[in-house]
Amino acid sequence: MSSTVITQDMLIIMSPELLLAIGAMVLLMIGAFRSDGGLGIVTGGAIAMIITAAALVNLMHVGTRSCLAAASSSTGFPAS
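> Hey, could you run me through the overall build of the chain in this one?
A count of helices and strands for the chain gives 3 helices and 0 strands. What you see in the chain, going N to C, is helices and strands ordered as α-α-α. Per-residue burial over the chain gives 12% buried out of 80 residues. Look at the contacts in the chain between residues 6 or more apart in sequence, and 66% of them connect residues 24 or more apart. Total accessible area on the chain stands at roughly 6,400 Å², and carbon and sulfur atoms take up 70% of it.

Rendered as structure tokens:
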């Protein structure tokens, strides 16, 4: 089994998805424990997260980077 080292470049590429995943879990916990009182917080937080993730994607040069470029060569599946 090969080990993959997560580099800073990979974290930068994954930052919008990490923001949305972690933020969704935080908003889920807020919504679960605050019940009706947390509706405005959850709604505002969700909108802020989506805008922030879109800004992160817009600021990155996605076309020039890839963190999965070597995935097909290390999986053992034949290239098609």
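Right, picking up where we left off after that structure.
> Could you clarify how one ought to interpret helix 1 (residues 8-34) in this entry?
The α-helix winds at 3.6 residues per turn, so residues separated by three or four positions along the chain end up facing the same way. The largest bend along helix 1 reaches roughly 55 degrees and is located at S15, with the proline P16 sitting one to four residues downstream. Taken as a whole, helix 1 has its buried residues at M10, I13, P16, G23 and L27. A positive backbone phi angle near 45 degrees is found at S35, which sits one or two residues after helix 1.

> Looking at this model, I keep getting lost on helix 2 (residues 39-59). Mind explaining?
For helix 2, spanning 21 residues, the distance from its first C-alpha to its last is 30 Å, which sits close to the expected 30 Å at 1.5 Å a residue. Buried within helix 2 we find G45, M49 and A53. On an axial view of helix 2, the arc spanned by its buried residues comes to 65 degrees, and they lie on one face. Away from the buried face of helix 2 by more than 90 degrees, exposed residues L39, G40, I50, I51, N58 and L59 are located.

> Would you take a moment to explain the packing of helix 1 against helix 2 for this structure?
Packed helices, taken two at a time, are described by the angle between their axes plus the distance between the axes. Relative to each other, helix 1 and helix 2 sit at 180 degrees, their axes nearing to 10 Å. Taken together, the axis directions place helix 1 and helix 2 in an arrangement best described as roughly antiparallel. Contacts from S15, P16, L19, L20, G23, A24, L27, I30, G31 and R34 in helix 1 reach I41, V42, G45, A46, M49, I50, T52, A53, L56 and V57 in helix 2. Of the residues contributing to the contact of helix 1 with helix 2, the split by class is 14 nonpolar, 5 polar and 1 charged.

> Would you mind going over a nonpolar patch on the surface with me for this structure?
On the surface, I6, L11, L18, I22 and V26 cluster together into a nonpolar patch covering about 450 Å² of accessible area. Within the secondary structure, L11 sits in helix 1. The partly exposed category is assigned to L11, whose relative accessible area is 42%.

> Just checking my understanding: could you explain the environment of G38 for this structure?
Structurally, the position occupied by G38 is in the loop between helix 1 and helix 2. The sequence separation of G38 and L27 amounts to 11 residues, and the corresponding C-alpha distance is 9.1 Å.

Rules and cut-offs
Residues numbered from 1 in each chain as written. Predicted model: local features only at pLDDT ≥ 70, side-chain atom pairs only at ≥ 80, totals over all residues. Heavy atoms only, no water. Helix = DSSP H or I, 4+ residues; strand = E, 2+ residues; numbered from the N terminus. Buried < 20%, exposed > 50% of the residue type's maximum accessible area, 1.4 Å probe, protein only. Contact = heavy atoms within 4.5 Å. Areas by Shrake-Rupley, 256 points an atom, 1.4 Å probe, with all protein chains shown as cover. Bend = angle between axes of the 7 residues up to and from the residue. Expected span 1.5 Å × (residues − 1). Arc of directions from axis to C-beta. Axes fitted to C-alpha atoms, helices over the stretch in contact; angles between N-to-C directions. Parallel < 35°, antiparallel > 145°, perpendicular 65-115°, else oblique. Nonpolar A, V, L, I, M, F, W, Y, C, P; charged D, E, K, R; others polar. Patch = residues over 30% accessible without salt bridge, like charges linked within 9 Å, V, L, I, M, F, W, Y side chains within 5 Å. Salt bridge = Lys/Arg side-chain N within 4 Å of Asp/Glu carboxyl O.

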